[in-house]
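Spelled out from the first residue to the last, the chains are:
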Amino acid sequence: METEVLEALEKCPLFAGMSPTEIEITMSGVASRLVRYDRHDIFALAGMPCQNADIVVSGVLVSRMSSFSGKQVEVSRLRQGNLVAPAFLFGKEHGMPVGVETATEVTVLRIKRTDFASLLRDNWQLMENYIRLLSNINVFLTRRMRVLSLFTVREKVAWLLLERAGEQGSNVIHLYRSRQEIADSFGIQKFSLLRVLADFQKEGAIKINGKEITILDRSKMK
């Protein structure tokens, strides 16, 4: 097994609790292949049938939901070790709920749905990990829908900054995405995002230095 593929599987929640040797043994009897995409390729269109279990080996995939008017909201970014749309693989309606495109060159490990089902059936630990993965996705989507549908723009930006601070364990936050990408992830206009950030800075809640933002007073972000 290629080193990069094994690294991706070690990061994949599906193989949580398994050693590299156990992963290699488990995958040795499974038919799979590497599929490569160029940057800005269409990986999947909304509504396309989800027929394979794809695990990201390298690169970044971006999933977006679109309205009839053309407005887009970024749902998630998938990186090394992430499964693509696992919750829809075995559904009665297993069409892709979102459109997916590549943000960089991307390589995925592709397993046919029938082979993936056999893999889960033959290994209880994988099945347990898969169930936990689906539960975590449900929690993520519930929180995401709450933020997108109920929060004001100000509340969305405050939530983002506080989430990043928690993830990075510091009040000094590094934003790795552009302002436009962040705005798209909330379905808001870029100028609305910039206005709220400027307001927070003017009120003494944060200090902005490019993609580095320091939280000075959390109470002023309410």
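Residues numbered from 1 in each chain as written. Predicted model: local features only at pLDDT ≥ 70, side-chain atom pairs only at ≥ 80, totals over all residues. Heavy atoms only, no water.

Let us now look at the overall build of the protein chain. The helix and strand tally for the protein chain stands at seven helices and ten strands. Taken over the C-alpha atoms alone, the protein chain extends approximately 60 × 40 × 30 Å along its principal axes. Split into buried and exposed, the 222 residues of the protein chain put 41% on the buried side. For the protein chain, the share of sequence-separated contacts (at least 6 apart) that also reach a separation of at least 24 residues comes to 70%. Accessible area for the protein chain stands at about 12,400 Å²; split by element, carbon and sulfur atoms hold 53% of it. (Helix = DSSP H or I, 4+ residues; strand = E, 2+ residues; numbered from the N terminus. Buried < 20%, exposed > 50% of the residue type's maximum accessible area, 1.4 Å probe, protein only. Contact = heavy atoms within 4.5 Å. Areas by Shrake-Rupley, 256 points an atom, 1.4 Å probe, with all protein chains shown as cover.)

Turning next to the sheet that holds strand S8 (residues 172-174). A sheet is described by the order of its strands in space; here three strands give the open sequence S8-S10-S9, paired in antiparallel fashion. The open sheet has two free edges, formed respectively by S8 and strand S9 (206-209), since each of these has just one partner strand. Strand-to-strand, the axes of this sheet are offset by a mean angle of 20°, without reference to chain direction. Note that S9 and strand S10 (residues 212-215) share four bridges and pair antiparallel. Of the residues in S10, the one forming a bridge with Asn209 is Glu212. (Pairing = 2+ DSSP bridges. Axes fitted to C-alpha atoms, helices over the stretch in contact; angles between N-to-C directions.)

Together, Glu2, Glu4, Glu7, Glu10 and Glu24 line one region of the surface with negative charge. Considering every element that reaches the negative patch, the biggest residue donor is helix H1 (residues 3-11), with three residues. By relative accessible area, Glu10 is classed as partly exposed at 42%. (Patch = residues over 30% accessible without salt bridge, like charges linked within 9 Å, V, L, I, M, F, W, Y side chains within 5 Å. Salt bridge = Lys/Arg side-chain N within 4 Å of Asp/Glu carboxyl O. Lys, Arg positive; Asp, Glu negative; His and termini not counted. Charge placed at Lys NZ, Arg CZ, Asp CG, Glu CD.)

Okay, the pairing of strand S4 (residues 61-66) next. Here S4 pairs with strand S5 (residues 72-78) via six bridges, running antiparallel. The partner of Leu61 across the bridge, within S5, is Leu78. Bridging between S4 and strand S6 (residues 99-102) involves four bridges; their strand directions are antiparallel. What sits directly across from Leu61, in S6, is Thr102.

Attention now moves to the pattern of salt bridges. One pass over the structure, following the stated rule, counts five salt bridges. Notably, a salt bridge pairs Asp54 with Arg110, separated by 2.8 Å at the nearest N-O pair. Placement of the pair is Asp54 in strand S3 (residues 52-58) and Arg110 in strand S7 (residues 106-112), with a sequence separation of 56 residues. Like Arg110, Asp54 is buried. One salt bridge in this structure joins Arg64 and Glu101, with 3.2 Å as the shortest N-O distance. One end of the pair, Arg64, is in strand S4; the other, Glu101, is in strand S6, and 37 residues separate them in sequence. By relative accessible area, which is 19% here, Arg64 ends up buried.

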